[in-house]
Amino acid sequence: MIKRHLYIFICLLIALPLSAKKKSADQPVDSLFLYYFYEGQQGVMRSDYTKALAMFSFANRLNDKDAATHENLGYLYQGMQQADKALEHYKQAYELDPMSYWSTYASTLFSKGDNKEATKVLEKTCKLLPKEIDAFEALSAIYSAQSEYKKALKVQDKIEQIEGINAYNTYSRYQLLLHLNQPKKALQALDKYLALNPDDLNYQAAKAELLLTTEKDTTLFNNFKQEELTRHPDNPYFNMVLARQAKAKNLIRTAADYTLNALHSEHYSLNEKLRAMTQMNDILSLTSTIDDAVNTIINDYPFERSAYITCSRLYELYQEPQKAQKILEAFIEVDPNDKEAYDSLFKIYQNDTTLLITDIEQFVTKAYQHFPQNPQWIYYQTRLLLSQQQIDSAIVVAKQMPDTQEEIQYRLATYILLGDLFTSQKEYESAFEQYEKALMIDPQNTYVLNNYAYTLSISEGDLRKAEKMSQITIEKEPDNAMYLDTYAWILHLQNQDSLAKYYIQKAKDNLKGEGDMEILIHYNIIYQQ
């Protein structure tokens, strides 16, 4: 059911001040006061809150009986997170002009948990302004928040006298009567509204739900069901009530049929349809009607992103990745610039063993072309080009990596790729540059530290620096044969062979399987010394 969220005290107060209100008309005009007041207004409009606070403070010193000045000071202090000062100024504004400044004061009191004082303010306001609907609605809501439902109901009587019966006050009355455990009166409230608004599909469904949950005798519900299905056969809200009822009775096929009826209805918004489909996804899957539901949504909303994304996720939920893949591929044709769709589709591709490698390569290239500044697709395009031995092209792509905190793991991975690539090409200075960039992102990354250290060792670089980095890796992973080998080799190059022998022996002892030829070569060299 649609609710109107206008309760003044429930809304979060703005963090930044509003435009200054007009100066109270009954105060004497003073030119200096007006100067400071309007300078304060200008400060607010220019977001110069320090100046605004100073100007309104000067104005308040000249005339502390001006309600508008107090109100604006309240906004400014509230924006500065000085709640007590803000409340004091709101109170001053209210006491000076209760008919104009009751709202902010009451809502602030409520937000601070002072329900008693907020109630007094609202009760007084309702007496001063007997036609002010917002004040009565706020009073009804604050009574409800304190579980004083009978008092709230009396306020609802007054609201109906002022504005007549409408959807909002009917819903409020309906909820209060349910809180008071008076379902028959709640039903009467709905009937009273529906007599004036028989085509309100939402409230027809609310009546059905109430009959289902409160009437032991199902005769009333069944009679109403026949009437409503005759009157509004495509009422989606009513169909979903029937779907939930059928599901509760384990009438799976019936529940699916009612759900599909709701999804076909033009009275349901897309978001409501997606929510209904998600709520009943198990029913749709069990009855093999999920394809019907998806086709209905996609055909009715061929350009809506949420339709494609939700439908693809439902297919993934029920382990049908190929159907999810087709949905996302169709959406990318509609909107080729939706990155989330590419990301979701790529995950499906990576787990699809039936796809040819060329299909994935084409997809990566397509994604990179659409998102040439995105770290993820720069990384994958770089990897792709390297796998194809297009070294120069890979370097060009990788160097386009933006300096951003978004998807930082792909920046790190790309810097590592380049560092290792430049090392293999003996372009050591370029390799060092990439490893430095990687360490700026992750200073304790053992893989980077090891490769950086080893590259220093084979390039006649700074062996002291290499030793420090390598030492970190073996402290973190003392049984990693590759890291132990690097550390032993760096020690050997510094003529510390007794210590080098200890670590190269540990490296050899921790070899897996057939071992690593380079470690064995280092072992022989070190032990020959």
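Whatever comes next refers back to the structure up there.
Numbering of residues starts from 1 in each chain and follows the order in which that chain's sequence is written. Two thresholds apply to this predicted model, a pLDDT of at least 70 for residue-level local features and 80 or more for giving and counting side-chain atom pairs, whereas whole-chain, interface and lining totals are computed over all residues. The basis for the side-chain values is all heavy atoms of the structure; hydrogens and waters are excluded.

S.K.: Looking at this model, I keep getting lost on the pattern of salt bridges. Mind explaining?
M.R.: Opposite charge on two side chains permits pairing when their charged atoms draw close. Every case where a carboxyl oxygen of Asp or Glu lies within 4 Å of a side-chain nitrogen of Lys or Arg is listed as a salt bridge. Tallied over the entire structure, the rule returns 22 salt bridges. E333 is the partner of K366 in a salt bridge, and the nearest nitrogen-oxygen pair spans 3.6 Å. Separated by 33 residues along the polypeptide, K366 in helix 21 (residues 357-370) and E333 in helix 19 (residues 321-334) bring together distant segments of the chain. You can call K366 partly exposed: its relative accessible area is 30%. What makes E333 exposed here is its relative accessible area of 60%. Sharing partners across several salt bridges, the network here consists of R305, R313, D338 and E340. The numbering of helices and of strands both runs from the N terminus, where a helix is a DSSP run of H or I of at least 4 residues and a strand a run of E of at least 2. Residue burial is assigned from relative accessible area. The probe radius is 1.4 Å, only protein chains are included, and a residue is buried under 20% of its type maximum, exposed over 50%, and partly exposed in between.

S.K.: What am I meant to see in the packing of helix 2 (residues 49-62) against helix 3 (residues 67-79) here?
M.R.: Between N-to-C directions, angles span 0 to 180 degrees; the directions come from axes that are lines fitted to C-alpha atoms, helices contributing only their stretch in contact. Running from N to C, helix 2 and helix 3 point in directions that differ by 150°, and their axes come no closer than 10 Å. Put simply, helix 2 runs roughly antiparallel to helix 3. Note that helix 2 runs across helix 3; the crossing there is left-handed. Contact with helix 2, carried on its side by Y49, A52, L53, F56, S57, A59 and N60, involves T69, H70, N72, L73, L76 and Y77 of helix 3 and no other residues of that element. A class-by-class count of the residues in the contact of helix 2 with helix 3 yields 8 nonpolar, 5 polar and no charged. The labels follow the angle: roughly parallel below 35 degrees, roughly antiparallel above 145, roughly perpendicular from 65 to 115, and oblique for the rest. For a crossing to be left-handed, the near helix must be turned anticlockwise from the far one by less than a right angle; the clockwise case is right-handed. Contacts: residue pairs with any heavy atoms within 4.5 Å of one another. Gly is placed with the polar residues, together with every amino acid not listed as nonpolar (Ala, Val, Leu, Ile, Met, Phe, Trp, Tyr, Cys and Pro) or charged (Asp, Glu, Lys and Arg).

S.K.: Mind showing me how you'd approach the packing of aromatic side chains here?
M.R.: Aromatic ring pairs are described here by two measures, namely the spacing of the ring centres and the angle between the planes. Pairing of aromatic rings covers Phe, Tyr and the six-membered ring of Trp, with a centre-to-centre limit of 6.5 Å; geometry is then stacked below 30 degrees between planes, edge-to-face above 60, and tilted otherwise. Counting across every chain of the model gives 28 aromatic pairs. Aromatic pair Y379 and Y410: ring centres 5.8 Å apart, planes at 40°, arrangement tilted. Taken together, the residues span a long stretch of sequence, with Y379 in helix 22 (residues 375-387) and Y410 in helix 24 (residues 408-424) at a distance of 31 residues. Of the residues examined, Y379 reaches a relative accessible area of 13% and is grouped as buried. Residue class for Y410 comes out buried when judged on its relative accessible area of 16%.

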